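Each chain, letter by letter, is given below.
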Amino acid sequence: MTDVFKGSFTQQEPIPEAGIDAAVEVMRHGRLHRYNTVPGELSQTALLEQEFAALVGARYCVAVASGGYAMATALRAAGVVPGDRVLSNAFTLAPVPGAIAAVGAVPVFVGVTEDLTIDLDDLLEKSGQASYLLLSHMRGHICDMDRLMQICDAAGISVIEDCAHTMGAAWKDVPSGRVGAAGCYSCQTYKHINSGEGGFLVTDDAELAARAVIMSGSYMLYERHLAAPPKEAFENIRYETPNISGRMDNLRAAILRPQLADLPTQCRRWNERYYRLETGLRGTPGLTVIERPADETIVGSSIQFLLLDWSGEAVKEVIARCAARGVELKWFGAPEPQAFTSRYDSWRYAPSQPMPASDRVLAGVVDMRVPLTFSLEDCDLIARIIRSEVGAVWQDAA
Ligand SMILES: *Cc1c(COP(=O)(O)O)cnc(C)c1O
């Protein structure tokens, strides 16, 4: 049992040829700025917004420079002002509390359950402390959205969804990002469509959308959008809203449009790989598979499992042994932030209280990327490697 996996955990697929051709065309004519159009021309960015809005069934969509920018803009456009408190997940990535800090607000962290979703009991308890929730569907895990909205509606909390890991996913067939006041997505290389950097904000709220369009840097050119509210919605907003440039450009939009068309296929391919891994891991002594609710339509672009109540040393041993066999796992229990992974208590600009139940979960969360460059056989091999190394450490510990 000394199989070694030789593939890369960070290698994405190439950009589709249609995207490369469209990007070359944009470079040849040179009109990269989204508002730089010739008479009668619709920009790649405006078309992309229209197509994304249609994909998720949103009235309005603004394409922007990053997922983090989309979140900060959504918060600002929804009315968050400096000093406000904003509820958010303790289990998430750094750009989420970062977006809250970017608008001068203060994150209030809500715990995580063993299902890796936001702890709704903790949310209920803290619901009196803020008027906004930046809800992160971290690593694609969607909580019970009905109960979440019940809690938030009752407390007058406006919900902004971070869908960086749920583009293409759904809860009870409602696309992720379409339950709250606004949904935010990322087109960064490690997410579900890849333009290096980029993001979307979607909403049905004309005022929120109009503010977001002006904030993104539309100047008075908002009528060149195809998925923005009618110009009446801008009447006062155009004077009152700061321009905080963060536009998408036509080169990125050209690369993204064919990927958007492929998204349903890609999601299916991710899920084939995810379930192959899950099947391979299921039944490993000491390892807890995360059961996905029937109401959730997943996009398995990463997979997590729990080594619940293991010592930190034993988890580190598993990660080191898997790494020696080519399998890159990330641990959310590490006391120091590493690479992309950090914990709520390492974001020291944001005050936090200890959360023992969440700490127990985080101490056991092991995370793995599932790039589409993996074959199904790769997934079988990776699962075998994890299974045998978890088994070996588990036996030593017993
Ligand atoms: C990547 C990511 C973001 C932000 O996306 P960027 O486009 O990199 O700014 C937000 N939330 C989560 C959970 C992410 O993983």
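Bear in mind the structure is a predicted one, so any value in this text is a computation, not a measurement.

Which residues make up the nonpolar core, and what are the values?
Ranked by internal contacts, the top residues of the largest apolar core, which has 77 residues, are L133, L148, F200, V327, M368 and I386. Split by domain, this core shows at least three residues from each of two domains, domain 1 (17-261) and domain 2 (263-397). Counting 32 residues, the second largest nonpolar core, distinct from the first, contains V62, I214, A228 and F234.

An account of the pairing of strand β9 (residues 199-203) is requested, with residue identities and associated values reported.
Among the five residues in β9, five count as buried, and that is most of the element. The alternating pattern of β9 places G199, L201 and T203 on one face and F200 and V202 on the opposite face, and all of these are buried. One ladder, built from five bridges, connects strand β1 (residues 60-64) with β9; its direction is antiparallel. Pairing of A63 across the sheet is with F200, part of β9. Where strand β8 (residues 182-186) meets β9, four bridges bridge the pair, whose relative direction is antiparallel. If you follow Y185 over to β9, its bridge partner there is F200.

Outline the pairing of strand β5 (residues 158-162), listing residues and values.
Counting buried residues in β5 gives four out of five residues, a clear majority hidden from the surface. Judged from the five bridges that link them, strand β4 (residues 132-136) and β5 form a sheet pairing that is parallel. The residue of β5 that forms the bridge with L133 is V159. Read as a crossover between parallel neighbours, the route from β4 over helix α6 (residues 145-155) to β5 is right-handed.

Any chance you could break down the pattern of salt bridges for me, citing the residues and the numbers?
By the definition in use, this model includes 26 salt bridges. A salt bridge links K126 to D122; its shortest N-O distance comes to 2.9 Å. On the criterion of helical spacing, the pair formed by K126 and D122 is a turn pair, its members being four residues apart in helix α5 (residues 120-126). Classification of K126 as buried rests on a relative accessible area of 16%. We classify D122 as buried; its relative accessible area is 14%.

Just give me the short version of the packing of aromatic side chains, but keep the residues and values in it.
Counted by the stated rule, this structure contains 12 aromatic pairs. On the numbers, 5.0 Å between centres and 85 degrees between planes, the contact of F91 with F332 is edge-to-face. Remark: F332 occurs in the loop between β13 (330-331) and α11 (356-362) and F91 occurs in the loop between β2 (85-89) and α4 (95-102); sequence separation between them is 241 residues. Summarising the burial analysis for this pair, F91 and F332 share the class buried.

So what's going on with the domain arrangement of the protein? Residues and values would help.
If you check the domain split of the protein, you get domain 1 (17-261) and domain 2 (263-397). Using only C-alpha atoms to locate each centre, domain 1 and domain 2 end up separated by 27 Å. Tallying the contact residues gives 40 residues for domain 1 and 34 residues for domain 2. Inspection of the domain 1/domain 2 interface yields two salt bridges. With its nearest N and O atoms 3.0 Å apart, the salt bridge here joins R360 to E114. Run the count over domain 1 and domain 2 and you get 12 residue pairs in polar contact (both at pLDDT 80 or more). Mapped by element, the contributors of at least two residues to the side of domain 1 that touches domain 2 are α4, β3 (106-110), α5, β6 (170-171) and α9 (250-281). With four residues, the top contributor of residues to the side of domain 1 that touches domain 2 is β3. Across the side of domain 1 that touches domain 2, the residue classes break down as 23 nonpolar, nine polar and eight charged.

Definitions and limits used
- Residues numbered from 1 in each chain as written.
- Predicted model: local features only at pLDDT ≥ 70, side-chain atom pairs only at ≥ 80, totals over all residues.
- Heavy atoms only, no water.
- Core = buried A, V, L, I, M, F, W, Y, C linked by side-chain atoms within 4.5 Å.
- Buried < 20%, exposed > 50% of the residue type's maximum accessible area, 1.4 Å probe, protein only.
- Domains from an automatic or database assignment.
- Helix = DSSP H or I, 4+ residues; strand = E, 2+ residues; numbered from the N terminus.
- Pairing = 2+ DSSP bridges.
- Right-handed = clockwise from strand over helix to strand, strands pointing away.
- Salt bridge = Lys/Arg side-chain N within 4 Å of Asp/Glu carboxyl O.
- Phe/Tyr/Trp six-rings, centres within 6.5 Å; stacked < 30°, edge-to-face > 60°.
- Contact = heavy atoms within 4.5 Å.
- Polar contact = N/O pair within 3.5 Å; in protein donor to acceptor, adjacent residues only side chain to side chain.
- Nonpolar A, V, L, I, M, F, W, Y, C, P; charged D, E, K, R; others polar.

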